[in-house]
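# Observations on chain architecture
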Amino acid sequence: MASSSSSAFLFFSFSALLISPAVCLTCSSQKFTKNQVYPNCLDLPSLSSYLHFSYDSSNTTLSIAFIATPSKSGGWIAWAINPKATGMAGSQSLVAYKNATTGVPVVLTFDISSYSSIVPKDLSFEVWDKTAESRSDGSLAIFAKIKVPADLAAKGTINQVWQVGPGIGEGGMLEKHDFAPANLQSKGTLNLKSGQSSSSGGDTRVKKKNIHGILNAVSWGILFPIGAMIARYVRTFESADPAWFYIHVFCQVSAYAIGVAGWGTGLKLGSESSGITYSGHRNIGIALFVIATIQIFALFLRPKKEHKYRIYWNVYHHSFGYAILALGIINVFKGFNILKPEHKWKLAYIIVIITLGGISLLLEAITWVVVLKRKSGKSTKPYDGYNNGQARQQPLAM
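Now for a quick tour of the structure. Quick caveat: nothing in here was measured; it's all calculated off a predicted structure.

Turning next to the environment of V370. Relative to the assigned elements, V370 resides in helix α8 (residues 343-379). When the C-alpha positions of V370 and F237 are compared, they lie 8.2 Å apart, and in sequence the two are 133 residues distant. Apart from residues no more than four positions distant in its own chain, V370 is found in contact with T236 and F237.

Spelled out as structure tokens, the structure:
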């Protein structure tokens, strides 16, 4: 008993250590050793980075404090303005790292005219009061004041880029940073007037989310239910045999293929969204993929109708089918709540589901009528006791 209690205590303690930094590390809770205060702060969308800033429009001066953690001990952090584009190439950068000899953080400027030439160089605009500090959590902070170029000040927005790297090479060369999704997405537009930031990759991410939603709504949310309806109701009519089976298989295999594509886009979105997890939606998606995969491959193990194990296969097949049906529809609605599209799209899907449900109720009633009539016809059929029931019943001898 004591052992289990201590194990539970260790588990929750470890969980708390993992969770606490994620909860506490937001720009609004961060303080500086010299008690600098900035009216605006942003939790940047990638690389666990933060920007504090103020902007004086009367003299177009931007004061910033940028905080990030190097990708490795002894690494570097960078914040930059790109006057012409949205990427790193052409950006005017402030880079901080710890001096290898003294361990004191330093700030250098880098005019990154191209990826092949990344060495300290003066920027194309004025920068002063450049300092850096090492923070207790292992992160670094860059402080600076920047004279925003007249054309950018007139627009009221600047293209910002930020990055973290592993170390400093010979001659002060910055060692190459990773090219993971988080590194490639570390750019955006900073509105100097409103204090808001938008991600440059936002449109692409929205498109990916929309594709993910459409694929999964069509597969798990529409095609799978239609395939189940065909198997449930169309097979009742003898004239539809065996056509109903091939249509059913076509619908389910198509739904599975589209669903796998949607599942793959979901995994991709998850890998590009560090720190953002929709546990319920993700777990249902994984369960759907596993169950559907088993269901599809079980077709190759289907016993013949007269086999003694066919009844068990039918029970399993129907159970998994209804599970996919329910989980698929539930997860589509969870996806709507996450994606938050225009209300008309959710309403359209609700109408589709209600329509399919109404058709199912109608077909259910028709199916029972057909089945009961068929049973009634069989129970009144004459039986002659020989020739497998093919001949007429003979009258009894008096």
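Next comes the rest of the write-up.
What follows covers the packing of helix α6 (residues 279-297) against helix α7 (residues 310-339). At their nearest, the axes of α6 and α7 sit 9 Å apart, and the two run at 150° to each other. Classed by the angle they form, the pair α6 and α7 counts as roughly antiparallel. As for how α6 packs across α7, the hand of that crossing is left-handed. Touching G280, H281, I284, G285, L288, I291, A292, I294 and Q295 of α6 are Y316, H317, F320, G321, I324, L327, G328, I330, N331, K334, G335 and I338, all from α7. Partitioned by chemical class, the residues of the contact of α6 with α7 number 11 nonpolar, 9 polar and 1 charged.

Once that is clear, we can look at unusual backbone geometry. Here the residue pair D241 and P242 is connected by a cis peptide bond, since its omega of 5° sits within 30 degrees of zero. Among the secondary structure elements, P242 is positioned in the loop between α4 (202-233) and α5 (243-271). A positive phi angle, near 60°, is found at N35, a position not held by glycine. Positive phi values are uncommon outside glycine, yet L47 reaches one of about 65°. Tracing the backbone through its elements, the reader meets L47 in the loop between β1 (40-43) and β2 (50-56).

What counts as what
Residues numbered from 1 in each chain as written. Predicted model: local features only at pLDDT ≥ 70, side-chain atom pairs only at ≥ 80, totals over all residues. Heavy atoms only, no water. Helix = DSSP H or I, 4+ residues; strand = E, 2+ residues; numbered from the N terminus. Contact = heavy atoms within 4.5 Å. Axes fitted to C-alpha atoms, helices over the stretch in contact; angles between N-to-C directions. Parallel < 35°, antiparallel > 145°, perpendicular 65-115°, else oblique. Left-handed = near helix turned anticlockwise from the far one by under 90°. Nonpolar A, V, L, I, M, F, W, Y, C, P; charged D, E, K, R; others polar.

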